Structure formats: structure tokens, C-alpha cells
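So the chains spell out like this:
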Amino acid sequence: MTLEELDKKYVLQTYARDYTNFTHGTGSTLYDENGKDYIDFASGIGVNSVGHGNEKLANAVCEQAKKIIHISNLQVIEPQAKLAQKISELYGEDVGVFFSNSGAEANEGAIKLARKYGEIKFDKKRYKIITLENSFHGRTLATVKATGQDSFHPSCFAPYIEGFSCIQSLKDIENAIDDETVAVMIELIKGEGGVAELPHDEVEHLAKVLKEKDILLIVDEVQTGVFRSGEFLVSQVYGIKPDIITLAKGLGGGVPIGAVVTPHKDIFVAGDHGSTFGGNYLSTAAGNATLDILENIKKDGQLDATIVYFEEKLKEVIKANQDKFDSITGIGFMRGLKAKNSDIQIKTIKQVMKEGVIVLKSGNNTVRFLPSLTITKDEINEGFARLNKALENI
Ligand SMILES: *Cc1c(COP(=O)(O)O)cnc(C)c1O
């Protein structure tokens with residue numbers, strides 16, 4: 001059996017899969033079984049924040065695995081406490097952290113926290129959560145309902161969780177609030193919804209209104225967080241202080257981990273929430289090593305410099321391909337090239353892959369770039385040389 005046959009026979013076919021068999025990688029270069037190399041501008045989907053084969057991360061995971069991989073959360077876990085402290089320092093506020101294994105689970109935790117807040121802080125219970133159209137918050141039954149895209153709510157999975165209402169634009173949120181609204185949950189840059197940035201002034205205004213009404217602002221930073229925007233949180237770029245933020249993708253450099261981060265430290269008590277694996281030795285050791293690496297490249301200026309360099313390259317692509325692309329979207333290392341139509345989007349992704357560059361789809365017309373944050377200028381040069389060559393054939 002070929003690998004493709006094996007996969008198709010034994011793995012449930014929930015993904016429209018590509019069958020390139022990658023065997024290893026270093027930095028932002030991946031190698032397939034035939035030795036062909038690819039420049040990785042996707043890093044999973046914004047997960048491999050410190051690149052492939054990162055020695056510092058690999059050593060941290062390896063050293064931890066030799067000591068203890070896991071005990072239960074009924075025991076104190078040293079790397080977990082240290083990672084929570086580190087996240088709090090980077091956040092710049094006195095916050096508490098709950099660790100999960102994924103982004104959807106982090107959002108589930110945020111939703112539970114908000115609902116409990118709505119129960120204990122008000123005479124009349126508040127439980128409704130307002131979300132935005134074209135958002136993405138995960139695949140569990142609650143987070144899929146929070147996701148503002150009808151294609152994610154087919155009747156086959158009904159009934160869905162109640163208490164979510166999806167609003168078309170940020171401006172309409174204020175009007176949609178009623179006396180049962182407990183929270184608003186948003187992505188500041190929609191990762192799956194076209195790398196679309198919310199307007200800064202509208203976000204600032206909304207944050208102010210919500211604070212006045214004692215309604216929680218939940219910012220889903222599963223994709224935007226952990227330095228992807230150039231800052232630890234994209235909320236910091238916007239200058240807002242949400243009540244709850246969620247993290248996941250880049251936090252463990254590829255080892256599964258998610259986090260709920262909040263200044264409301266008195267809401268959850270023992271027994272309210274939990275996870276068997278969440279925040280165990282292995283994942284939090286990976287998280288600590290990942291944040292160490294990222295904090296260093298932020299401090300020494302490497303991250304900011306490569307972000308600027310990457311943006312210059314995207315501008316050159318737009319300039320040379322005005323027949324194909326409209327604009328650059330996103331910030332930091334979360335970027336989109338908005339194509340004229342979905343046909344150009346799909347052809348670009350396919351053709352670029354043939355030339356040995358991995359990019360992603362977002363929405364129905366955007367080519368998405370989520371490179372590792374440690375990508376080098378040489379890798380960027382090589383990736384864009386290949387990308388430009390691919391574009392000549394479209
Ligand atoms: C990926 C993503 C999620 C879901 O994370 P999983 O780890 O796949 O559960 C949720 N929200 C946003 C913004 C994401 O990008």
C-alpha cells in the first residue's frame with residue numbers, strides 16, 4: 001500500500017489532504033521523501049513558531065521527556081507554573097492562566113468562564129455571547145456555534161449550543177447587546193476569514209463600551225497571539241486589555257497546548273474546569289522554551305527586522321502582479337495577499353507548492369502567509385524567488 005492508500009483506508013477522511021510526504025525540516029525548510037525541499041510560509045497553520053528541527057525546543061522537550069512527561073493536574077507542575085508566570089509578564093498584567101490542549105478547548109474554557117461570571121456577578125443571569133460573522137473559533141460543539149460561518153453549522157450536527165448570536169459588523173454589536181449579554185468574543189484579525197483586520201478605532205470604542213456595561217471582551221488570539229503580530233498579543237498592538245484572551249497555535253512550537261488568560265482570577269474555583277493533559281510537563285516545557293526563543297528574537301530586533309523584510313517582499317509581489325492581487329492584509333507575520341478572485345487564489349497556492357513553497361488559503365480570495373517567526377532573510381529570499389516564478393505561470 002502507498003502512504004496515500006494507507007491514509008485513505010485507515011484515517012477518517014475529515015481533511016482535503018495533500019499527499020506530499022514530509023520527512024524532516026530545518027528552520028523554514030521542509031524536505032519530502034524524495035529529498036525535494038520546500039520553503040515553509042505556513043508553519044503548520046501558524047504553529048511552528050520557532051521553525052522545524054529547532055534545537056533548543058527539541059532539547060527542552062527531550063530533556064523533559066526523560067524526567068517526567070506527565071502527572072495529573074491534581075499535583076503542582078513546575079514548568080506549568082513558570083509558563084503561567086511568563087505569560088503574565090508578557091501580558092503585562094496580573095493575570096491567571098488555565099492550560100488546555102488546543103485552541104477550541106481554550107475557547108471552551110473562555111466561554112465557561114464568561115458564563116460563570118454572568119451567573120455570579122449579576123442578579124439576573126447573563127449568558128449570551130455575541131460573535132462576529134466570518135469568524136473562526138474552533139470545531140467543538142460550542143466553538144463551532146460561536147464560529148460565524150453558516151457552512152460550519154450543517155443540520156447533521158444539530159442541535160447546537162444555545163446562547164450565541166452572530167453579528168455582521170463590529171459597529172452593530174452595541175445595538176445587539178441586551179440584559180442577558182455576558183460577553184463579546186472576537187478575533188482582531190480573522191485568521192480563517194481572509195486575514196481581515198478589524199478597524200482600530202472601532203475596536204477601541206467597543207472595548208470602552210463593554211467596560212462601561214460590565215460585559216466581558218474575549219479576544220481569540222489562538223492565531224494572532226504569541227508574537228505573530230510582532231508583539232506578544234495583537235491586543236497590545238490595538239492597545240486594549242481584554243477580559244479574557246485565548247492562545248494556542250504558536251505557544252508550544254508544535255507541541256499541543258492552549259491557554260485561557262484572564263485578570264478575573266476569582267471566577268473559577270476547584271472543580272469548575274479541568275483537563276487531563278492540559279498544561280502537563282511536556283507541553284509546558286515546550287511552551288517555556290518557545291517563549292524564551294521568541295522573547296530573545298523580539299528583544300534583539302530580529303523579529304521586527306524580518307517582519308519588515310517580509311512585508312517589502314509582499315509589496316514587490318503586488319507591484320509586479322497587479323492583474324492578480326489587490327492588496328496586502330494583516331500585520332506582522334500574519335499576512336494575506338488578497339487575490340482578484342478565488343480562481344487566482346487556488347491556482348496560486350497549487351502552483352507555488354509545485355515550485356516548493358507552502359502557503360495557505362484564507363477566506364475565498366486570500367493567499368495566507370504564517371511563516372515561522374524565526375525565518376531568516378535567506379529563506380524569505382528563496383521563498384519569494386520561487387513564488388514569483390510560480391506566479392509567472394498563472
Ligand atoms: C485555529 C484556531 C482555533 C481552533 O484551534 P484548534 O487548536 O484547532 O482547536 C480557534 N480560533 C482561532 C482564531 C484559530 O485560528
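Treat the numbers as computed from the prediction; the structure is a model and nothing was measured.

Caption draft 1: Geometry of the side chain of K298. As for its placement among the helices and strands, K298 is situated in helix α10 (residues 281–299). Taking relative accessible area as the criterion, K298 reaches 17% and is therefore assigned buried. At a separation of 2.8 Å, a polar atom in the side chain of K298 contacts the main-chain carbonyl oxygen of G230. With near-sequence residues (within four places) excluded, K298 lies in contact with F227, G230, E231, L303 and D304.

Caption draft 2: Region of the structure containing the site of the ligand. As a structural note, the neighbourhood of the ligand is formed by S102, G103, A104, N107, F136, H137, G138, E187, D220, V222, Q223 and K249. Taking A104, its main chain carries an N or O atom lying 2.7 Å from an oxygen atom of the ligand. K249 has a polar side-chain atom sitting 2.5 Å from an oxygen atom of the ligand. When the free accessible area of the ligand is taken as 380 Å², the share hidden by the protein chains comes to 82%. Top contributing element to the shell around the ligand by residue count: helix α5 (residues 103–120), with three residues. Across the shell around the ligand, the residue classes tally to three nonpolar, six polar and three charged.

Caption draft 3: Highlighting helix α12 (residues 342–354). With 13 residues, α12 extends 19 Å from end C-alpha to end C-alpha; this agrees with the ideal 18 Å at 1.5 Å per step. Listed as buried for α12 are I344, Q345, T348, I349, Q351, V352 and M353. Its side-chain oxygen placed 3.0 Å from the backbone nitrogen of D343, N341 serves as the N-cap of α12.

Each value, and the rule that gives it
Residues numbered from 1 in each chain as written. Predicted model: local features only at pLDDT ≥ 70, side-chain atom pairs only at ≥ 80, totals over all residues. Heavy atoms only, no water. Helix = DSSP H or I, 4+ residues; strand = E, 2+ residues; numbered from the N terminus. Buried < 20%, exposed > 50% of the residue type's maximum accessible area, 1.4 Å probe, protein only. Polar contact = N/O pair within 3.5 Å; in protein donor to acceptor, adjacent residues only side chain to side chain. Contact = heavy atoms within 4.5 Å. Near = heavy atom within 4 Å. Areas by Shrake-Rupley, 256 points an atom, 1.4 Å probe, with all protein chains shown as cover. Nonpolar A, V, L, I, M, F, W, Y, C, P; charged D, E, K, R; others polar. Expected span 1.5 Å × (residues − 1).

Don't take any of this as a statement about function, it's just geometry.
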